[in-house]
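Below are the chains, spelled out letter by letter.
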Amino acid sequence: MDTETTEIAPDVYRFSTYVSDANLVMNQYLIDGDEPLLFHMGQRALFSFTSAAVGRVLPLERLRWITFGHVEADECGSMNSWLAAAPNAEVAHGALSCFVQVDDLADRRPRPLQDGEVIEVGARRVRHIDTPHVPHGWDACLVYEETTSTLLCGDLFTAFGRHPAVTDSEIVGPALAGEELGHATALTPALGPTIRGLADLAPRTLGLMHGPAYTGDCAGALRELAAAYEELLEAEGERLRG
């Protein structure tokens, strides 16, 4: 199993492993700087592959921050393996999630983050954004690297199959096809407005967890996805009422 490394923006690296059993790519992202930050860790079974790939960019001892979108095996299953390999690293996650579960799951006490809180990673500024139930976990959050305008958007735009590392091709269609197959998104009234709020950040790059890094019209893609989910929510409501 190979892990591919791509610099998708200055000092922002994508580590991608294709898992054939799931027909999905599993991506982690590293933001390098004085206090390097890793977003997503992957399952425990992938740790040897992803840690080796990260180690080719920087010594694991340099990792300072580890964070993720929500508590789920492909996002944080190997958390304690990373903490053991990176003795200077600290898990950072949403305050409520830390209180309810990450405090208990992590071998070292995590740093709870408030919505909008910024971690300065040297020349890069990483903003924590709470996005409850977007795309599905109640504890969901994303991170936005303000300096390069890179939004690491977790499970948003999940697409099955193998993908190029970086693309400017259309990503909404594949995401909706993945939604039809997996039904993973929490269809709530807050879904559309939350995604539009992300579009208002005007990101230049989207770092997908299960798909390519996207460099096309990022705000437009987010707004199109929000509208499509609102249509799905309306259709589901009509189905239940009928």
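Structure first, text after, so check above.
Keep in mind that what you see is a predicted model, and the values were worked out from it rather than measured.

About the criteria used
- Residue numbering note: each chain is counted from 1, following its sequence as written.
- With pLDDT at 70 or above as the cut-off, local features in this predicted model cover only qualifying residues; side-chain atom pairs require 80 or more to be listed or tallied, and sums for whole chains, interfaces and linings still use all residues.
- The side-chain figures draw on all heavy atoms in the structure; neither hydrogens nor water molecules are used.
- Only strands that DSSP links by at least two bridges are regarded as paired with each other.
- Secondary structure is summarised from DSSP: a helix means a run of H or I of at least four residues, a strand means a run of E of at least two, and numbering begins at the N terminus for each.
- In this analysis, two residues are considered to be in contact whenever any of their non-hydrogen atoms come within 4.5 Å of each other.
- Angles run from 0 to 180 degrees between N-to-C directions of axes, and those axes are lines fitted to C-alpha atoms, restricted for helices to the stretch in contact.
- We call two N or O atoms a polar contact when they sit within 3.5 Å, provided that within protein one can donate a hydrogen and the other can accept it, with sequence-adjacent residues counted only if both atoms are side-chain atoms.
- Residues enter a patch when their relative accessible area is above 30% and they make no salt bridge; the linking distance is 9 Å between like charges and 5 Å between nonpolar side chains (Val, Leu, Ile, Met, Phe, Trp, Tyr).
- Note on areas: these come from Shrake-Rupley sampling with a 1.4 Å probe, and a residue is covered only by the protein chains present in the view.
- Just to be clear on terms, a salt bridge is a Lys or Arg side-chain nitrogen sitting within 4 Å of an Asp or Glu carboxyl oxygen.
- Remark: exposure states derive from per-residue accessible area (1.4 Å probe, protein chains only) relative to the maximum for the residue type, with buried under 20%, exposed over 50%, and partly exposed in between.
- In what follows, roughly perpendicular refers to angles from 65 to 115 degrees, roughly parallel to angles under 35, roughly antiparallel to angles over 145, and oblique to any angle outside these ranges.
- Helix crossings fall into two classes, left-handed where the near helix is turned counterclockwise from the far one by less than a right angle and right-handed where it is turned clockwise.
- Residue polarity follows a fixed list, in which Ala, Val, Leu, Ile, Met, Phe, Trp, Tyr, Cys and Pro are nonpolar, Asp, Glu, Lys and Arg are charged, and the others, Gly among them, are polar.
- Definition of nonpolar core: a set of buried residues of the types Ala, Val, Leu, Ile, Met, Phe, Trp, Tyr and Cys, connected through side-chain atoms within 4.5 Å.

**Student:** Would you explain the sheet that holds strand 12 (residues 166–167) in this entry?
**Tutor:** Taking strand neighbours across the sheet as the criterion, the seven strands line up as 8-9-10-11-13-14-12 in an open arrangement whose pairing is mixed. Both outer strands of the open sheet, strand 8 (118–121) and strand 12, are each paired with one neighbouring strand and no more. Pairing analysis gives two bridges linking strand 12 to strand 14 (residues 213–214), with the strands arranged parallel. Following the sheet pairing, valine 166 is matched in strand 14 by alanine 213. Sheet strands in contact with helix 7 (residues 218–241) are strand 11 (150–152), strand 13 (205–207) and strand 14, and its direction is about 55° off that of strand 13.

**Student:** Help me out: how do you make sense of the side chain of threonine 3 in this one?
**Tutor:** Residue placement: threonine 3 occurs in strand 1 (residues 3–9). One polar contact links threonine 3 to threonine 17, side chain to side chain, over a distance of 2.7 Å. The residues touching threonine 3, leaving out its near neighbours within four places in the chain, are Phe15, Ser16, Thr17, Phe49, Thr50, Ala53 and Arg56.

**Student:** Honestly, a nonpolar patch on the surface in this entry has me stumped. Any pointers?
**Tutor:** Nonpolar side chains collect at one region of the surface, where Leu96, Phe99, Val100 and Trp138 lie side by side and expose about 450 Å² of accessible area between them. As for its placement among the helices and strands, leucine 96 is situated in helix 4 (residues 95–105). Among the residues examined, leucine 96 registers a relative accessible area of 54% and is labelled exposed.

**Student:** Mind showing me how you'd approach the packing of helix 5 (residues 172–182) against helix 7 here?
**Tutor:** Between two packed helices, the angle of one axis relative to the other and the distance separating the axes together describe the packing. Their axes nearest at 10 Å, the elements helix 5 and helix 7 cross at an angle of 30°. Classified by the interaxial angle, the pair formed by helix 5 and helix 7 is roughly parallel. Crossing angle aside, the handedness with which helix 5 passes helix 7 is right-handed. Residues Val172, Ala175, Leu176 and Glu179 of helix 5 form the contact with helix 7, whose own contacting residues are Ala221, Glu224, Leu225, Ala228, Tyr229 and Leu232. Here the residues of the contact of helix 5 with helix 7 sort into eight nonpolar, no polar and two charged.

**Student:** It is not clear to me how the nonpolar core should be interpreted in this structure. Could you clarify?
**Tutor:** Looking at soluble globular proteins, one finds that nonpolar side chains tend to be buried together. Among the nonpolar cores identified, the biggest contains 25 residues, and Cys153, Leu156, Phe157, Ile195, Leu206, Leu222 and Leu225 are the most heavily contacted of them. When contributions to this core are tallied by element, the ones reaching two or more residues are strand 10 (141–145), helix 5, helix 6 (191–199) and helix 7. Looking at this core element by element, the count peaks at seven residues for helix 7. Core analysis: the second largest hydrophobic core is formed by 23 residues, Leu58, Ile66, Met79 and Ala86 among them.

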